[in-house]
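Inside the fold
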Amino acid sequence: MSPRAALLFLALATGSSAAICTADAFWKAPPKVFGSEVLDIHAEEVRGWNEYATASPTFPALPVEQKPIDFCNVTIFYTHPGLNDTIRVSIWLPLQEQEWNGRFLGQGGGGWAAGGHGALAAGVALGYAAADTDAGHTYFGDMADIGLTSRSWSLTSPGNVNLHALQNFAYRALDDMAWIAKHITKTYYSKDIAYSYWNGCSTGGRQGLTLAQRYHEQFQGIISAAPAANWVTFLVTEYYAHIKMRELNYYPPICELQAITKAAIKACDELDGVKDGVISAPRLCGFDAKSIVGQKYECKEGDTRQITKEAAEVANAVWTGPLKKDGTPIWHGLAHEAPLAGQANFQGLAKTKCDSQEKNCKSDPFVISADWIKQFLLKDPDYDLSNIDEELFHNLLRISRQEYHSIMDTSDPDLTPFKEAGGKLILWHGLGDELIFPNGSLNYYERVKEATTDVEDYFRYFEVPGVLHCFGGDGAFPLTALNSLVDWVEKGKAPDHLDGQTLPMFSSKPDAEPAYRPLCAYPKVAAYKGGDVNKAESFECADGFGKVAGKRDEL
Ligand SMILES: *[C@@H]1O[C@H](CO)[C@@H](O)[C@H](O)[C@H]1NC(C)=O
Ligand SMILES: *[C@@H]1O[C@H](CO)[C@@H](O)[C@H](O)[C@H]1NC(C)=O
Ligand SMILES: *[C@@H]1O[C@H](CO)[C@@H](O)[C@H](O)[C@H]1NC(C)=O
């Protein structure tokens, strides 16, 4: 008996389906997607896989116990003939059909990475057939190099942008991935997929919105967390603090920025009636950094300094967001609780690089923002960004909008086709996000609400106080958002809140017990009723923090 025949025999003998994890089996009916050509198929069984922690900003967005998993690892390489691209799709299929929950899960990426294998493992552990794409540029290896810069693929030569590669990353590869990976899933189990879901944060969140906007039939349920939508505007405005620093000729040390963030949180923490180190009522927080100029803080042990007027201006600029020359806002600012200098996972928007004494600091702009400006707007990898003055900043913003809006912005508010296809969309955004402006998400939600009727029937927005970019921070995290989405799609149970729980290991209190709190659908907020502040029952979704806070919040 040949090994293949032996496998088939074994499958029949044990009564399981004829799922065969070999490239030959998939070559019998390869995926056919208009405009593309499959180049290569790999498939092999992987048993006892336990490496969940592969860098992925979406991790740990799923409530999964890390256990070893068995799956069929299918890899498809394909091209769009004539475009000189090679795109990889990875599909991880629970090895035994009885371990498959009948659902398909598309997993998003972060930064310039279009996917992430850590998230695929989590999907498989929950019973999903999970897939991602690399959109044509590999993200294997060092995240710092690949997720954070586009250098290896964005220019065909200095001055010339590879627009096809950008389109693949922006949207096209996502549709391809859905067609290809669903086809492979159906082939493997010889069964239809019951429901398809998308889960992603940051770039993954933007990808989710792109799918709702452009490919409305691919996913019935979409989680878009802290989406990098409004890309052409927000990615340029992320650079704004560095324009301010240049203008003031002052580059605040990280300890000074941290002292300002700490003072802002202290001033506004209790506006919701709960002292928990989280600003849950940002709209009531009018903290002005100028109010603490001259205040002492300890930069390092024995090195006491005073908050400078310049650092206060930089902080206020991040909170206000960039202004046009006439003083009107261009885009949103970050909330006061967002770490100005960043935190362990990501650098903040006012980050500087200093010497070991926290002196002689220089600008250290957020790498993806700097990369976008160099590679796509100036198209010159060697450009020295310290030349950018206010005038050039405004021009760069114009170039970004003019050249890339239709490709990358992901801000089309007309979700009518998605709604009519029965799709459901959960968008959540951490209010402590240090990179992507939460009000950009709110702005998108408001615009969809204007553009389509009954938005609540298919799209809900959740503000998540105290959560940083995608994860981290002291706030309650919507760990079970995917479960809420599944209930909405499959049982018609629309979520009026997401269940939040703190994730101590990513917070400033790693030894604390987890605390629970509802995360209410906008515009409702979690108002404290009394009782244990660590229990969800002590809160209710209400129109405002009301009497609890000793004043009415007009929202
Ligand atoms: C899955 O297969 C691809 C292609 O053969 C390989 O590069 C990758 O390392 C495999 N992944 C795992 C987890 O084995
Ligand atoms: C095709 O892409 C490769 C690298 O991805 C590059 O080296 C080559 O020059 C490209 N060919 C054309 C015709 O653009
Ligand atoms: C976000 O929007 C709300 C309501 O529109 C506003 O009150 C708040 O000040 C904005 N926050 C920031 C940081 O721009």
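It should be emphasised that the depicted structure is a prediction, and the values quoted were computed from it without experimental measurement.

Digging into the sheet that holds strand 4 (residues 103–107)
Strand order in this open sheet of nine strands is 1-2-3-5-4-8-9-14-15, and the pairing throughout is mixed. Two strands bound the open sheet, and with one partner strand each, they are strand 1 (37–49) and strand 15 (459–464). Across the sheet, the mean angle separating the axes of adjacent strands is 15 degrees when strand polarity is ignored. Sheet topology note: the strand 3 (residues 87–94)/strand 5 (residues 129–133) ladder contains four bridges and is antiparallel. Residue pairing for strand 5: S90 is matched across the bridge by D132. Contacting strand 8 (195–201), strand 9 (221–225) and strand 14 (424–430), helix 6 (residues 203–214) runs over the sheet at an angle of about 140 degrees to strand 8. Sitting on the sheet, helix 15 (residues 481–491) touches strand 4, strand 8, strand 9, strand 14 and strand 15, and the angle it makes with strand 14 is about 160 degrees.

Topic: the packing of helix 11 (residues 367–377) against helix 12 (residues 390–408)
It is the contact of helix 11 with helix 12, at a shortest axis distance of 11 Å, that shows an interaxial angle of 85 degrees. Relative to helix 12, the element helix 11 is oriented roughly perpendicular. Where helix 11 abuts helix 12, its residues W372, I373, F376 and L377 lie against L396, I399, S400, E403, Y404 and M408. Broken down by class, the residue content of the contact of helix 11 with helix 12 amounts to eight nonpolar, one polar and one charged.

So, the environment of P68
Following the sequence through the fold, P68 ends up in the loop between strand 1 and strand 2 (69–79). For P68, a relative accessible area of 51% corresponds to the exposed category. Considering only alpha carbons, one finds P68 and P417, 349 residues apart in sequence, at a separation of 40 Å.

A short note on the state of the cysteines
For the structure on display, the rule yields six disulfides. With a sulfur-sulfur separation of 2.1 Å, C21 is cross-linked through a disulfide to C72. Looking along the S-S bond of the C21-C72 disulfide, the torsion reads about 90 degrees, which is the right-handed sense. You can see C21 sitting in the loop between helix 1 (3–13) and helix 2 (23–27) and its partner C72 sitting in strand 2, a full 51 residues away along the chain. Per residue, the accessibility class of C21 equals that of C72, and both read buried. Here C268 is linked by a disulfide to C285, with a sulfur-sulfur distance of 2.1 Å. A torsion of 75 degrees about the S-S bond marks the disulfide between C268 and C285 as right-handed. In this pair, C268 is assigned in helix 9 (residues 254–268) and C285 in the loop between helix 9 and strand 10 (296–300), connecting sequence segments 17 residues apart. The same class applies to C268 and to C285, which are both buried.

Notes on the nonpolar core
Formed by 128 residues in total, the largest nonpolar core has its most connected members in V74, L93, W231, W372 and F459. With 14 residues, the top contributor of residues to this core is helix 5 (residues 163–189). In this structure, this core is formed jointly by two domains, domain 1 (32–234 + 408–547) and domain 2 (240–364), each of which donates at least three residues. Leave out the neighbours within four places in its chain, and F459 touches L415, L425, L427, Y444, Y445, V448 and W488. Counting 39 residues, the second-largest nonpolar core is a separate cluster that includes A122, C470, L482 and L503.

Describing the packing of aromatic side chains
This model, assessed by the stated rule, comprises 32 aromatic pairs. On the numbers, 6.3 Å between centres and 25 degrees between planes, the contact of F26 with Y188 is stacked. Separated by 162 residues along the polypeptide, F26 in helix 2 and Y188 in helix 5 bring together distant segments of the chain. Here F26 matches Y188 in class, with each residue buried. Each member of the aromatic cluster is reached from another via a ring pair, and the members are W112, W153, F169, W231, F234, W372, F376 and Y404. One residue, K182, lies across the ring of F219, its end atom 5.6 Å from the ring centre. Above the ring of Y171, the side-chain terminus of R214 is found at 3.7 Å from the ring centroid.

Remarks on the site of ligand 1
Taken together, the neighbourhood of ligand 1 is formed by H42, E44, V46, W49, F71, N73, T75 and W92. Between E44 and ligand 1, the recorded distance is 3.4 Å, taken from a side-chain N or O atom to an oxygen atom. Contact distances for ligand 1 include 2.3 Å between an oxygen atom and a side-chain N or O atom of N73. Isolated, ligand 1 exposes 360 Å² of accessible area, and the fraction of that covered by the protein chains is 65%. Going through the elements one at a time, strand 1 and strand 2 are the ones with two or more residues in the shell around ligand 1.

Criteria and thresholds
Numbering of residues begins from 1 in every chain and follows the order in which that chain's sequence is written. Numbering of ligands from 1 and lettering of chains from A proceed in the order in which they are written. Local features in a predicted model are, by the rule used here, given only for residues with pLDDT of at least 70; side-chain atom pairs are given and counted only at 80 or more, and totals for whole chains, interfaces and linings are based on all residues. Calculated side-chain values reflect all of the structure's heavy atoms, with hydrogen atoms and water omitted. At least two DSSP bridges between two strands are required for those strands to pair. In this description a helix means any DSSP run of H or I spanning at least four residues, a strand means any run of E spanning at least two, and both kinds are numbered starting from the N terminus. Only the contacting stretch of a helix is used when fitting its axis, a line to C-alpha atoms as for every element, and angles between N-to-C directions run 0 to 180 degrees. Between two residues, a contact is recorded if the distance between any of their heavy atoms is within 4.5 Å. Orientation categories follow fixed angle ranges, with anything under 35 degrees roughly parallel, anything over 145 roughly antiparallel, 65 to 115 roughly perpendicular, and all other angles oblique. Gly is put with the polar residues, along with every residue not named as nonpolar or charged; the nonpolar set is Ala, Val, Leu, Ile, Met, Phe, Trp, Tyr, Cys and Pro, and the charged set is Asp, Glu, Lys and Arg. Exposure categories follow from relative accessible area, calculated using a 1.4 Å probe and restricted to protein chains: below 20% of the type maximum is buried, above 50% is exposed, and the middle band is partly exposed. When two cysteine sulfur atoms are found within 2.5 Å, that pair is recorded as a disulfide. Buried residues of nine kinds, namely Ala, Val, Leu, Ile, Met, Phe, Trp, Tyr and Cys, make up a nonpolar core once their side-chain atoms join them within 4.5 Å. Throughout, the edges of the domains are those of an automatic or database domain assignment. The pairing test for Phe, Tyr and Trp rings, Trp by its six-membered ring, is centres within 6.5 Å, and the orientation test on the planes gives stacked under 30 degrees, edge-to-face over 60, and tilted for anything in between. Comment: the charge-over-ring label is applied if NZ (Lys) or CZ (Arg) is within 6 Å of the ring centre and within 35 degrees of the ring normal. A molecule or strand has a residue near it when one of that residue's heavy atoms lies within 4 Å. Each polar contact in these results corresponds to two N or O atoms within 3.5 Å; when the atoms are within protein, one needs to be able to donate a hydrogen and the other to accept it, and residues that are neighboring in sequence are counted only if both atoms are side-chain atoms. For accessible areas, the Shrake-Rupley method is used with a probe of radius 1.4 Å. Any residue's cover is judged against the shown protein chains and nothing else.

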